[in-house]
Amino acid sequence: MFKISFYLLGCIVLFAVLGSFADGNTDDNYMHFAVEKPHNIILGDSRGSQAVQPRILQGKLQQKFDNFALNVVQSPYGPVYLEALKRKLNPDTKNGIFILTVDPWNLSVSKTYTDVSKDLPERKNSPLGNMCSYDRSPNYEYLLKNYSRSWFKIFTEREKAGRSNTYLHKDGWMEVNVNMEKDSVEKRELSKLEFYRDDIAKTQNISSKRLTAFEDIIKFLKSKGTVYIVRIPGSERTMLIENSYAPDFNERMKSISRRHSVQYFDFSPKAKDYIYTDGNHMYKESGKVFTAQIADSILVYTKKIKINIHGN
């Protein structure tokens, strides 16, 4: 019995030590659950996670931000995302700035989903559906529930050994480094276009349940600060597919923004102004420009509000 207890204790200590090395290299989500709860937050899918850079926002708005956008499978707008947001956001937040990035895909669901009382797929497919702790470092709950690889990989692939091609910063920004030569980008874009045109666009539609949850998120955040809805573009060819799939998407967003008295910034007409890694995700250098434009839009809007209030 003593030997078994000693062995178990040794295993616990070993795994505790290995888990302590978890960082932005561990996987694409770990750092979202291993930092302090933020007062200012960015929501959305992988477009938002890669395009919107908190460091740039901080430089212009003088506020620290956390990018809490994961991807279209794990963080589409829905009840699960709202529940996670309530756990993630600092409960003392009063004057926060909240950037909700949107595209048709993170407000859609499979056409086979018909039961309005049924859980949306991210309840089972996302760590947002099973996590309680969002500010523990190391976060052993996350590793036990959501890390399926050998824990020795946490140590051997830690940041000090060299950053991975998909590195999740502490502020939640997903930095992606890929070959940006023209032929490589074209190949990735064609693959992505085929996926959205021949698979996603034919099997999904805009979800009323997601739209309702999206509005619930806006209501929750409005009580704690100012909400901005931001449409992130893809490449021109990607936008053609999106606009064919959801031709009334902008009108839906404008209607929601008016209903809740929040500002909507639509950058989709500027699709050609940015560089993309695959037609869907903005390259990090373009992300810097794009994020600065979001910040400038917020500053202009804030200035207009102040002028209206003071009448100067």
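Everything discussed here concerns the structure shown above.
Within each chain, residues carry numbers counting from 1 in the order of the written sequence. Residue-level local features of this predicted model are given only where pLDDT is at least 70; pairs of side-chain atoms are given and counted only at 80 or more, and the full residue set underlies all totals for whole chains, interfaces and linings. Where side-chain values are given, they derive from all heavy atoms of the structure, hydrogens and water being excluded.

Engineer: Could you clarify how one ought to interpret the environment of Lys64 in this entry?
Structural biologist: You can see Lys64 is positioned in the loop between helix H3 (54–61) and strand E2 (66–67). Exposure remark for Lys64: the relative accessible area of 64% places this residue in the exposed category. Each C-alpha atom of the pair Lys64 and Ile294 lies 15 Å from the other, and the pair is 230 residues apart in sequence. With residues up to four places along the chain from it excluded, the contact list for Lys64 reads Asn40 and Gln58. Numbering goes from the N terminus for both helices and strands, where a helix is a DSSP run of H or I of at least four residues and a strand is a run of E of at least two. Think of it in three bands: with a 1.4 Å probe and only protein chains considered, a residue is buried below 20% of the maximum accessible area for its type, exposed above 50%, and partly exposed in between. Whether two residues are in contact is decided by their heavy atoms: any pair within 4.5 Å suffices.

Engineer: Help me understand the pattern of salt bridges, please; the structure alone is not making it clear to me.
Structural biologist: For side chains bearing opposite charge, pairing can occur when the charged atoms are close. We define a salt bridge as a contact between a side-chain nitrogen of Lys or Arg and a carboxyl oxygen of Asp or Glu at a distance within 4 Å. Counting across every chain of the model gives 23 salt bridges. When the shortest N-O distance is used, the salt bridge between Asp66 and Lys88 registers 3.7 Å. Of this pair, Asp66 sits in strand E2 while Lys88 sits in helix H4 (residues 79–88); the two residues are 22 residues apart in sequence, bridging distant segments of the chain. Lys88 carries the same exposure label as Asp66, and that label is buried. Across the pair Arg237 and Glu186 runs a salt bridge, and its minimum N-O distance is 3.0 Å. Placement of the pair is Arg237 in helix H10 (residues 236–245) and Glu186 in helix H8 (residues 182–203), with a sequence separation of 51 residues.

Engineer: Sorry, what's going on with the environment of Pro127 here?
Structural biologist: Along the chain, Pro127 falls in the loop between helix H5 (122–125) and helix H6 (140–146). Between the alpha carbons of Pro127 and Lys86 there is a distance of 15 Å; along the sequence they are 41 residues apart. Sequence-distant contacts of Pro127, defined by excluding residues within four places in its chain, comprise Asn29, Phe33, Leu70, Gln74, Tyr142 and Asn146.

Engineer: How should I be thinking about a nonpolar patch on the surface in this particular structure?
Structural biologist: Together, Val13, Val17, Phe21 and Phe155 make up an exposed nonpolar region whose accessible area comes to about 310 Å². Here Phe21 is to be found in the loop between helix H1 (2–19) and strand E1 (41–43). Overall, the relative accessible area of 30% leaves Phe21 in the partly exposed class. A patch consists of residues whose relative accessible area exceeds 30% and which take part in no salt bridge; residues with like charges are grouped when within 9 Å of each other, and nonpolar side chains (Val, Leu, Ile, Met, Phe, Trp, Tyr) when within 5 Å. Computed by Shrake-Rupley with a 1.4 Å probe, the accessible areas treat only the displayed protein chains as cover when residues are assessed.

Engineer: What exactly am I supposed to notice about empty space enclosed by the protein here?
Structural biologist: One simple way to see leftover space: roll a probe sized like a water molecule over the atoms. Only protein atoms enter the calculation, which uses a 1 Å grid: trapped sets of points that fit a 1.4 Å probe without letting it out are cavities, open sets showing protein on both sides within 12 Å along at least five of seven lines are pockets, and any residue with an atom within 4 Å of a point is a lining residue. Grid points are joined across faces, edges and corners, and a volume is the space filled by probe spheres set on the points. On inspection of all chains with the given rule, the structure shows one cavity of 30 Å³ or more. Taken as a whole, the largest cavity encloses approximately 40 Å³ of empty space. As for the largest cavity, its lining consists of Asp45, Ser46, Arg47, Val72, Asp103, Trp105, Tyr196 and Asn280. Looking at the lining of the largest cavity residue by residue, the class counts come to three nonpolar, two polar and three charged. For this scheme, ten residues count as nonpolar: Ala, Val, Leu, Ile, Met, Phe, Trp, Tyr, Cys and Pro. Four count as charged, namely Asp, Glu, Lys and Arg, and the remainder, Gly too, count as polar.

Engineer: How should the sheet that holds E1 be read in this particular structure?
Structural biologist: Read across the open sheet, the five strands follow the order E2-E1-E3-E8-E9; overall the sheet is parallel. The sheet terminates laterally at E2 and strand E9 (263–266), the two strands that pair on one side only. Here, strands pair whenever DSSP counts at least two bridges between them. The pairing of E1 with E2 spans two bridges and is classified as parallel. Looking at E2, one finds that Ile42 is bridged to Asn67.

Engineer: What is the right way to look at the nonpolar core in this model?
Structural biologist: Soluble globular proteins: nonpolar side chains tend toward being buried together. Residues belong to a common nonpolar core when they are buried Ala, Val, Leu, Ile, Met, Phe, Trp, Tyr or Cys residues joined through side-chain atoms within 4.5 Å. Core analysis: the biggest nonpolar cluster contains 54 residues, and Leu43, Leu100, Phe214, Leu221 and Met253 have the highest contact counts within it. Residues in contact with Leu100, not counting those within four places in the same chain, are Leu43, Tyr77, Phe214, Ile217, Ile218, Leu221, Val227, Tyr228, Ile229 and Val230. Leu57, Tyr228, Phe265 and Tyr276 belong to the second-largest nonpolar core, a separate cluster that totals 22 residues.

Engineer: Before we go on, may I ask you to explain H8 in this structure?
Structural biologist: Helical geometry note: an α-helix holds 3.6 residues per turn, so side chains three or four residues apart project in the same direction. Given a helix with a known number of residues, its expected span is that number minus one, times 1.5 Å. Taking 1.5 Å as the rise per residue, H8 with 22 residues should run 32 Å; its terminal C-alpha atoms sit 31 Å apart, in good agreement. At Tyr196, H8 shows its maximal bend, which comes to roughly 35 degrees. Of all the positions in H8, only Val185, Glu189, Leu193, Tyr196 and Ile200 are classed as buried. Fitting one axis to the seven residues ending at a residue and another to the seven starting there, the bend at that residue is the angle between the two axes.

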